[in-house]
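Architecture at a glance
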Amino acid sequence: MKSLINKVKKEEKKAMLQKRKCVICQAPARFKVKGLDNLAYCKPCAQEAFRYLSYLEKIPT
Ligand SMILES: [Zn+2]
């Protein structure tokens with residue numbers, strides 16, 4: 001039962017992340033800052049703001 005709850009929670013988090021919009025241009029976000037779910041960027045803005053994408057996590061699609 002517990003693993004089912006965890007699975008649902010994981011899916012919820014994924015769905016929540018997929019709804020994130022780029023904080024700069026409001027396009028659908030593809031990357032987020034590691035550890036910060038609120039800061040999300042689309043690819044061009046992420047590349048502009050972070051020269052190296054190693055600070056960012058790819059949002060699962
Ligand atoms: Zn953007």
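All of the points below concern the structure found in this document. Residue numbers here run from 1 along each chain, matching the order of that chain's written sequence. Totals for whole chains, interfaces and linings use every residue, but because this is a predicted model, local features are given only for residues with pLDDT of at least 70 and side-chain atom pairs only at 80 or more, for both listing and counting. The side-chain figures draw on all heavy atoms in the structure; neither hydrogens nor water molecules are used.

Another point: the overall build of the chain. Put simply, DSSP marks the helices as runs of H or I at least four residues long and the strands as runs of E at least two long, and each gets a number from the N terminus on. On a plain count of helices and strands, the chain comes out with two helices and three strands. In the chain, the succession of helices and strands from N to C terminus is α-β-β-α-β. When its C-alpha atoms are laid out on the principal axes, the chain stretches across 45 × 20 × 15 Å. Out of the 61 residues in the chain, the part that is buried amounts to 23%. Note on definitions: a residue-residue contact is assigned when non-hydrogen atoms from the two residues lie within 4.5 Å. Residue pairs in contact within the chain that sit at least 24 positions apart in sequence constitute 24% of those at least 6 positions apart. For each residue, the accessible area found with a 1.4 Å probe, counting protein chains only, is set against the maximum for its type, and the residue is called buried under 20%, exposed over 50%, and partly exposed in between.

Another aspect to go through is the coordination of the zinc ion. In this description, a donor is an N, O or S atom within 2.8 Å of the metal centre, a cutoff extended to 3.2 Å for sodium, potassium and calcium. Water is not part of the atom list, which can make sites seem incomplete. With distances of 2.3 Å, the protein atoms coordinating the zinc ion are Cys22 (SG), Cys25 (SG), Cys42 (SG) and Cys45 (SG). For a four-donor site, all angles between 85 and 135 degrees give tetrahedral; for four or six donors, opposite pairs above 155 degrees with the remaining angles between 65 and 115 give square planar or octahedral; all remaining cases count as irregular. Every donor counted, the four donor atoms about the zinc ion form angles of 103 to 116 degrees at the centre, which fits tetrahedral coordination.

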